[in-house]
Protein chains: 2
Amino acid sequence: MERNTRQRAAIRDALTQAGRPLLPLEVLAAAQAAVPGLGIATVYRALKAMVEDGEARSVTLPGENPRFEPTALSHHHHFQCRRCLRVFDIHACPGDLSRLAPRGFSVEDHELTLYGRCRECALAGASAARAKSGRRR
Amino acid sequence: MERNTRQRAAIRDALTQAGRPLLPLEVLAAAQAAVPGLGIATVYRALKAMVEDGEARSVTLPGENPRFEPTALSHHHHFQCRRCLRVFDIHACPGDLSRLAPRGFSVEDHELTLYGRCRECALAGASAARAKSGRRR
DNA sequence: TTGTATGCAAAGCGTTTGCAGTGAT
DNA sequence: ATCACTGCAAACGCTTTGCATACAA
């Protein structure tokens, strides 16, 4: 039977309060605020258990280690900024994509990641370009 | 300057002839047909160089190690079968997705993965009740 | 009391790197 | 003759696991 420990509560809270997918080390850091002695192995074990229970899922972007997020979130996608590398949740969806698959294939699910610049980095890049070229937008 | 060695030729051939993204170990196995003594470190180094040259790119699916494919392929996406876990190329694209991003965000690119059943596994699943004859590969 | 959960340290695994020898130019 | 490339093995970083202890139930 599964037990309610301070550690698991802290880990669960860290995930739900983040608002973005977290790396195991980020979960550790956040949860250690509530449980100082928390070890990384416990984080991995708890995350694994939560994924198996369908309580959490992992999100893996190319070249990055897996991040974790609560499954409770409604269907959504991700945006990674190529400048600051942060990952954002996107609460929009292209909808049904089954028409893209070859005939005979059945599509059950999809995952979409957008790449580009987040608002902050788009502004930073724009002003950098302005300064460099000596022109204004 | 970059040199043309048997090893790199074999690795490049393995990638271009596969028709699907390959794991480093799969590249090694395929390329060893041409260069028996080939080492895994050489594969990693060659793949890294090819990615930096824009000749190849890596594809990472959740819970899987990175796979590699030639960049020469036109823009496409991937389909992973949840039964046989094989990854297929999809030569279709939902098109412009910039409307999905929050305001202020600029979208430069996107990556899409569909999940479901490939043709074979869809058929196998349908007949699984009467015969346990599901074949992979 | 019973047995799961925890923390620590060691082990695993995929990937990277140092080094001396090899081979393309 | 250079000097990038290669193979081997050691090193690395992230993740998992073995084990003795702590603590929910």
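In this report, the structure presented in the accompanying data block is examined. Only a predicted model underlies this, so the values are computations on that prediction, with no experimental measurement involved. (Residues numbered from 1 in each chain as written. Chains lettered and ligands numbered in written order. Predicted model: local features only at pLDDT ≥ 70, side-chain atom pairs only at ≥ 80, totals over all residues. Heavy atoms only, no water.)

Quick look at the nonpolar core
Convention followed: The set of buried Ala, Val, Leu, Ile, Met, Phe, Trp, Tyr and Cys residues whose side-chain atoms join them within 4.5 Å is what this entry labels a nonpolar core. Exposed residues in this analysis have more than 50% of their type's maximum accessible area, buried residues have under 20%, and partly exposed residues fall in between, with area computed by a 1.4 Å probe over protein chains only. Runs of H or I in DSSP of at least four residues are treated as helices and runs of E of at least two as strands, each being numbered from the N terminus. Contacts: residue pairs with any heavy atoms within 4.5 Å of one another.
If you look at the biggest cluster of nonpolar residues, it comprises 23 residues, and the most contacted ones within it are Phe79 and Leu114 of chain A together with Phe79 and Leu114 of chain B. Contributions of two or more residues to this core are made by β3 (77-81) and β5 (106-117) of chain A together with β3 (77-81) and β5 (106-117) of chain B. In this view, Leu114 of chain B contacts Leu97, Leu100, Ala101, Val107, Asp109 and His110 of chain A together with His78, Phe79, Gln80 and Ile90 of chain B; residues no more than four positions away in its chain are not counted.

Comments concerning the protein's contact with DNA strand D
For clarity, the cut-off: Proximity is defined per residue: if any heavy atom of the residue lies within 4 Å of a molecule or strand, that residue is considered near it. Two N or O atoms form a polar contact when they lie within 3.5 Å of each other; inside protein one atom must be a possible hydrogen donor and the other a possible acceptor, and for residues adjacent in sequence the pair counts only when both atoms belong to side chains. Three categories are distinguished: nonpolar for Ala, Val, Leu, Ile, Met, Phe, Trp, Tyr, Cys and Pro, charged for Asp, Glu, Lys and Arg, and polar for the others, with Gly belonging to the last.
Residues in contact with DNA strand D amount to 21 residues; listed here are only the nearest, Tyr44 of chain A together with Thr5, Arg8, Thr42 and Arg45 of chain B. The sugar-phosphate share of atoms of DNA strand D within 4 Å of the protein amounts to 71%. Between DNA strand D and the protein, one listed contact pairs a base oxygen with a side-chain N or O atom of Arg3 of chain B at 3.1 Å. A distance of 2.8 Å separates a base nitrogen of DNA strand D from a polar atom in the side chain of Arg45 of chain B. Elements with a minimum of two residues in the surface near DNA strand D: α3 (40-52) of chain A together with α1 (6-18) and α3 (40-52) of chain B. Broken down by class, the residue content of the surface near DNA strand D amounts to seven nonpolar, seven polar and seven charged.

Some details on the environment of Gln80 of chain B
All names here are of chain B. Tracing the backbone through its elements, the reader meets Gln80 in strand β3. Given a relative accessible area of 6%, Gln80 falls into the buried group. Along the chain, Gln80 and Leu61 lie 19 residues apart, while their C-alpha atoms are 8.6 Å from each other. Those residues in contact with Gln80 that lie beyond four places of it in its chain are Leu61, Glu64, Leu85, Arg86, Val87, Leu114, Tyr115 and Gly116.

Considerations on the interface of chain B and chain A
Our working definition: Put simply, buried area is how much 1.4 Å-probe accessible surface two parts lose in total, over both of them, once they are put together. Within this document, salt bridges are pairs made up of a side-chain nitrogen of Lys or Arg and a carboxyl oxygen of Asp or Glu, the two lying within 4 Å of each other.
Facing 33 residues of chain B, the contacting portion of chain A comprises 33 residues. Overall, the association of chain B and chain A removes approximately 3,000 Å² of surface from exposure, summing both partners, and the carbon and sulfur fraction of that is 60%. Of all residues in chain B, Leu100, Phe105 and Glu111 of chain B give up the largest surface area on contact with chain A, accounting jointly for 20% of the area buried on that side. Between chain B and chain A we count four salt bridges in total. Between the two partners, chain B and chain A, sit 14 residue pairs in polar contact (both at pLDDT 80 or more). Among the elements of the structure, β4 (87-90), β5 and α4 (119-127) of chain B are those that each provide at least two residues to the side of chain B that touches chain A.

Points about the relation of the copies chain B and chain A
Test applied: Least-squares fitting of one copy onto the other uses the C-alpha atoms of those residues that reach a pLDDT of at least 70 in both copies.
Overlaying chain B on chain A yields an RMSD of 0.2 Å, the required transformation being a rotation through 180° with an accompanying axial translation of 0.0 Å. Both copies are brought into coincidence by an operation consistent with a two-fold rotation axis. The rotation axis passes nearest to the C-alpha of Leu112 of chain B in chain B, at a distance of 2.3 Å. Taken as a fraction of all interface residues of chain B, those also at the interface in chain A reach 100%, which identifies the copy contact as same-surface.

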